[in-house]
Amino acid sequence: MMAVYQTSDLTAASYSVALFGLAATTVLLLLGQAWVDRKWRLPVALCAIAALVGIGTVYEARDAWLAGNGVPVVYHYVGWSVSMPLQVLALFFLVGTAGKLSAGLFWRLVVVSVLMVFVRYLGEAQFMHPTLAFLIGLVFWLYLLGEFYFGRMDDVVRGSTGDYLRRGFFWLRLIVTVGWAIYPLGNFLTAFAGIADDGSLSVAYNFADILNRMAFGIAVLSTAVLASEENSRA
Amino acid sequence: MMAVYQTSDLTAASYSVALFGLAATTVLLLLGQAWVDRKWRLPVALCAIAALVGIGTVYEARDAWLAGNGVPVVYHYVGWSVSMPLQVLALFFLVGTAGKLSAGLFWRLVVVSVLMVFVRYLGEAQFMHPTLAFLIGLVFWLYLLGEFYFGRMDDVVRGSTGDYLRRGFFWLRLIVTVGWAIYPLGNFLTAFAGIADDGSLSVAYNFADILNRMAFGIAVLSTAVLASEENSRA
Amino acid sequence: MMAVYQTSDLTAASYSVALFGLAATTVLLLLGQAWVDRKWRLPVALCAIAALVGIGTVYEARDAWLAGNGVPVVYHYVGWSVSMPLQVLALFFLVGTAGKLSAGLFWRLVVVSVLMVFVRYLGEAQFMHPTLAFLIGLVFWLYLLGEFYFGRMDDVVRGSTGDYLRRGFFWLRLIVTVGWAIYPLGNFLTAFAGIADDGSLSVAYNFADILNRMAFGIAVLSTAVLASEENSRA
Amino acid sequence: MMAVYQTSDLTAASYSVALFGLAATTVLLLLGQAWVDRKWRLPVALCAIAALVGIGTVYEARDAWLAGNGVPVVYHYVGWSVSMPLQVLALFFLVGTAGKLSAGLFWRLVVVSVLMVFVRYLGEAQFMHPTLAFLIGLVFWLYLLGEFYFGRMDDVVRGSTGDYLRRGFFWLRLIVTVGWAIYPLGNFLTAFAGIADDGSLSVAYNFADILNRMAFGIAVLSTAVLASEENSRA
Amino acid sequence: MMAVYQTSDLTAASYSVALFGLAATTVLLLLGQAWVDRKWRLPVALCAIAALVGIGTVYEARDAWLAGNGVPVVYHYVGWSVSMPLQVLALFFLVGTAGKLSAGLFWRLVVVSVLMVFVRYLGEAQFMHPTLAFLIGLVFWLYLLGEFYFGRMDDVVRGSTGDYLRRGFFWLRLIVTVGWAIYPLGNFLTAFAGIADDGSLSVAYNFADILNRMAFGIAVLSTAVLASEENSRA
């Protein structure tokens, strides 16, 4: 039986809302991938899986919180190590519906997004110098933003005829720029500036995770639904 | 192993009935969304997800109850914070099958329904002055009712040719008006008038939650099924 | 980890057989509802859900039994409060495939079947005079039988051209008449005549529940399958 | 948290392999029933359900083993009481795709296969004289074999045009003859000859259960797949 | 409630990443098998099931790790005993889409891949001489590689017109050659050279298992998707 948390325990409440919000997102996206045309299914499915993984990691982090000694930051990194590459690939395949993207870009995105999370973890766990890890993680993130803003993906979207894709890409890129900024920030605070997590960092991460996974997934789904309809009218 | 509850424990019994009743509703709506035309699937799916989230939150609240020190009110708020916006959006997309609704309305409904639950929680948790939170929560609820009774959604339903949609909207609006009245009432009793929950408030909330999520979901499903058939005959 | 039960513990064995038998029934009916024509799906789905709810309630009752102090009768009532209305409605919608049934009949069946279980529970829990509750529960059951034998549903089945529906209705009505007779009998023994449950009543209830939910569900499925085939030949 | 078992605990290892092997079989058969023509789906689904029930019963038996006092034989009987009738019916419906089988045969197979398991259990639990129960169980098994080798089912298969059905029936009958021989043998050893289970009998049962449910299910699936393709070519 | 692991516990972190990575792979492959043509579904489904089994075995191994006395190597072998034959068969059926493969080859692959894992386990558990078991296991692995590089499967792939199949087979064979080399190596280290597992071997196995099951499954899926599209264009 799980420990009971009180009404004033905002951290536990934020974990619970994240848990059920991600469950809702997962089911919606899993159902939704059947509503769109065949070529839009992969990006929607990847977002659904990113939310699904979030259910598991948030559940375990909440268990750790209720055990009473704070949530070791590794619990967050486990989730991000799977969900962030999935979301980057969702963006890749979403853009891939409008034009050919190279296999090289695919591999660069996979490798960089995995390393970005892994290096930050190494710094937090003191397996690597925290400052160095922070900086490398930052560079990897900026590299991803560079690909999204100035790389081949931006070209394909600009050249696409789909109105909805352009709008969707705009918002998704914004989430990856603004929403993901909390992760290097949190990384900076705990690993570099040495601030311990008394629960508030978890609240911030949960808030960011809900928005980043839910909003990202729903933006992909609605882009796919609208573009599918646009397609079938054409 | 879960603690065993006795036959005279009406609160535990009401949690169990809510648990299995919501499970039944979830499965019925998930199956049902495959029986209706493509454009009716989203509202049915949203109701299914609202019921699914209810399974989880009721299960955890029952665990808390069986641990013996009452159910902290946050357990209810966690569920509502996800299910209420989902139900408001189900209504939005149900009406959206009959006419165009603006994206602005979508965002107003999302924001107001999330804030309504969040503000009430802040009051209950004493993070905000209870009276003030109660009043703001009330205003948000009245705003939602205003949109449903006098806003664009009412116009679209009036102007629609679908007989079933008009009847369904009537009942759904009634649930949101009468069935949801218990939430500000309970909020008033615990947070404002300071009445503690000895289990009877949980019974009342469970009774309301079953009716509001089950009846709401089934009303949406039957509207969608009947309207789909009407459509295919036309 | 669950307590281990011994080979001679017939009550635990009957709970386990009920658990896995209901799981088998649920999966068969969920798969089966996809094998029949659209209009037969609802009754099959309702039977699947009744069996699914049975999995959960039998699982929890077995946990209570293994905790060592007998199974409070409320565990049975929780299951019946969801499954009995579902089965009554399955019969309603099965007959509804052959002719129009009024919405009034729908609501009478829902209300009476819910109240039948609820009143019996009130009697068992001593919230109401046991004799009175027993008698009222009996009247509600007889009312349901009256609707099935002499009401509009019987007329529709008699007037239907479907051979399989007539045969299916005959058997389903028999289950509701003979199989459901154990519930007022058990109610009489425990609540009215004051006989305690040393495990034998649970064995009897489990035996009845397996037969009533499994046989009922499979009878509905096979009626739906055979009638679908008859239809597609016609 | 489950107790940890060591590498040298062959019984626990055999339970774990049975658990995951049956999980793999279940998912394969559930996916597979969607790959075959409508009329072959029922036998495949019944085999999937028999494997699914095996997951649950093997999981609980392993829990009992890890609790340290051996596995009461009732844990095996619970599984067989559901899976054996399901497999007999899978054979019945598989043959039924090639020719009409009487409802009387259906009921005889159901009743005899259920009684075969039940009587053996009664003997093991000392509710009945072990020798007598062993002999009656044996007679019931021989009766089933008689139906498969000399009854109407054999006639239908011989007269069928489907090459794959004949070959599949040959193998399935062999599994029921040779593979099922371990159950009366184990029954003889524990109940009649009084040999206690120190874990080796569980290993033997697990080995037999994996083969009997996995091989049986996959034989039914491959017969159904090949026969479906034969059909669509014809 | 699960024990909480700390950020510096790299072994627990690698188990968690393996757990969620395999969950992501499973869902992706289960969804993906519905996106490809009928004849490509079986290999994709087998890879999905291999990943699914991995979820369960990794979960249990992590539980054992968190219990504090290291992970008995049997936990790894349980998973491999199911997943390795499944992956070998996935390769068999993938190649089988391009040309007829004999039933004899099927049975040789099944038997050899099962025995390869089983013999290694016997050596690790000291049921057999470790050196002998290591050598026999090695021979079985080399036999499988022989079939893939010089047997009938290689012929079929060379003779196939499908460009994607040739490229996919190249990569899959590489995974089975390079990625699977860690298993005899680990077997050598623990069983033969007597090196105990302080967690680093688990990290290595987890890293290998993620790559081998995830990369293998995704390579099969993308081969199937691309070949399906090639087919439908032809």
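Basis of the calculations
- Residues numbered from 1 in each chain as written.
- Chains lettered and ligands numbered in written order.
- Predicted model: local features only at pLDDT ≥ 70, side-chain atom pairs only at ≥ 80, totals over all residues.
- Heavy atoms only, no water.
- Helix = DSSP H or I, 4+ residues; strand = E, 2+ residues; numbered from the N terminus.
- Contact = heavy atoms within 4.5 Å.
- Lys, Arg positive; Asp, Glu negative; His and termini not counted.
- Charge placed at Lys NZ, Arg CZ, Asp CG, Glu CD.
- Least-squares fit on C-alpha atoms with pLDDT ≥ 70 in both.
- Buried area = accessible area lost by both parts, 1.4 Å probe.
- Salt bridge = Lys/Arg side-chain N within 4 Å of Asp/Glu carboxyl O.
- Nonpolar A, V, L, I, M, F, W, Y, C, P; charged D, E, K, R; others polar.
- Buried < 20%, exposed > 50% of the residue type's maximum accessible area, 1.4 Å probe, protein only.
- Arc of directions from axis to C-beta.
- Core = buried A, V, L, I, M, F, W, Y, C linked by side-chain atoms within 4.5 Å.
- Patch = residues over 30% accessible without salt bridge, like charges linked within 9 Å, V, L, I, M, F, W, Y side chains within 5 Å.
- Areas by Shrake-Rupley, 256 points an atom, 1.4 Å probe, with all protein chains shown as cover.
- Polar contact = N/O pair within 3.5 Å; in protein donor to acceptor, adjacent residues only side chain to side chain.

I keep staring at the overall build of chain A and nothing clicks. Help me out?
A tally of helices and strands in chain A yields nine helices and zero strands. From first element to last, N terminus to C terminus, chain A shows the α and β order α-α-α-α-α-α-α-α-α. The principal-axis extent of the C-alpha atoms belonging to chain A is close to 55 × 40 × 20 Å. Once local pairs closer than 6 in sequence are excluded, the contacts in chain A between residues at least 24 apart make up 76%. If you average the places of the 14 positive and of the 14 negative side-chain charges in chain A, the two averages end up 12 Å apart.

How should the relation of the copies chain A and chain B be read in this particular structure?
In this structure, two copies of a chain are linked by a rotation about an axis accompanied by a shift along it. Expressed as a screw operation, the relation of chain A to chain B combines 0.0 Å of axial shift with a rotation of 72 degrees, fitting to an RMSD of 0.0 Å. Here the two chains are linked by the operation of a five-fold rotation axis. Take the interface residues of chain A: only 8% of them recur as interface residues in chain B, which is what a contact between different surfaces looks like.

Quick question: what am I supposed to make of the interface of chain E and chain A here?
Many analyses report the size of an interface as the accessible area lost when the parts associate. Facing 24 residues of chain E, the contacting portion of chain A comprises 31 residues. Summed over both partners, the interface of chain E with chain A comes to about 2,200 Å²; 74% of that surface belongs to carbon and sulfur atoms. The tally of links between chain E and chain A comes to one salt bridge. Residues A:Glu60 and E:Arg62 are paired through a salt bridge, measuring 2.6 Å at the closest nitrogen-oxygen approach. Of all elements in the fold, only α1 (10-32) and α9 (200-233) of chain E reach the threshold of two or more residues within the side of chain E that touches chain A. By residue number, the principal contributor to the side of chain E that touches chain A is α1(E), which donates eleven residues. Looking at side-chain class alone, the side of chain E that touches chain A contains 16 nonpolar, five polar and three charged residues.

Would you take a moment to explain helix α6 (residues 152-159) of chain A for this structure?
Residue pairs spaced three or four apart in an α-helix point in one direction, given the helix's 3.6 residues per turn. Residues and elements named next belong to chain A. The set of residues buried in α6 consists of Met-153, Asp-154, Val-156 and Val-157. All buried residues of α6 lie within an arc of 160 degrees about the axis, which places them on one face of the element. Those residues of α6 that are exposed and aimed more than 90 degrees away from the buried face are Arg-158 and Gly-159. Buried residues along α6 sit in contact with α3 (74-96), α4 (103-124), α5 (130-150) and α7 (163-178).

Teacher, can you tell me more about the relation of the copies chain E and chain A here?
Under the fitted operation, chain E is carried onto chain A by 0.0 Å of movement along the axis and a turn of 72 degrees, and the coordinates agree to an RMSD of 0.0 Å. Comparing contact sets, just 12% of the residues at the interface of chain E also lie at the interface in chain A, consistent with a heterologous contact between different surfaces.

Which parts of the structure should I look at to understand the nonpolar core?
One recurring pattern in soluble globular proteins is that nonpolar side chains are buried together. A:Met153, B:Met153, C:Met153, D:Met153 and E:Met153 are the most contacted members of the largest nonpolar core, which has 433 residues in total. Sequence-distant contacts of A:Met153, that is, excluding residues within four places in its chain, are made with A:Leu91, A:Phe92, A:Val95, A:Leu101, A:Leu105, A:Leu109, A:Glu147, A:Phe148 and A:Phe169.

Hey, could you run me through the pattern of salt bridges in this one?
Charged atoms that come close allow side chains of opposite charge to pair. Residues and elements named next belong to chain A. For the coordinates displayed, the defined rule picks out 35 salt bridges over all chains. Note that Asp-154 and Arg-158 form a salt bridge whose closest N and O atoms lie 2.8 Å from each other. On the criterion of helical spacing, the pair formed by Asp-154 and Arg-158 is a turn pair, its members being four residues apart in helix α6. By relative accessible area, Arg-158 is classed as exposed at 60%. Ionic pairing is found between Asp-209 and Arg-213, a salt bridge with its closest N-O pair at 3.8 Å. Linking Asp-209 with Arg-213, this pair stays in helix α9 (residues 200-233), spanning four residues, or about one helical turn. In this structure, Asp-209 and Arg-213 share a single accessibility class: buried. Taken together, the shared-partner salt bridges in this structure form one network comprising Asp-154, Arg-158 and Arg-173.

Help me understand a nonpolar patch on the surface, please; the structure alone is not making it clear to me.
A cluster of nonpolar side chains, contributed by A:Phe170, A:Trp171, A:Leu174 and A:Val178, occupies part of the molecular surface with about 410 Å² of accessible area. Summarising the element assignment, A:Leu174 is placed in helix α7.

Looking at this structure, I do not really get the interface of chain A and chain B. What am I missing?
With 24 residues of chain A at the contact, the number on the chain B side is 30 residues. Where chain A packs against chain B, one counts one salt bridge. Counting across the chain A and chain B interface gives five residue pairs in polar contact (both at pLDDT 80 or more). If you list the elements that add at least two residues to the side of chain A that touches chain B, you get α1 (10-32) and α9 of chain A. Looking at the side of chain A that touches chain B, the element that brings in the most residues is α1(A), giving eleven residues.

Function cannot be read off these values alone, since they describe shape.
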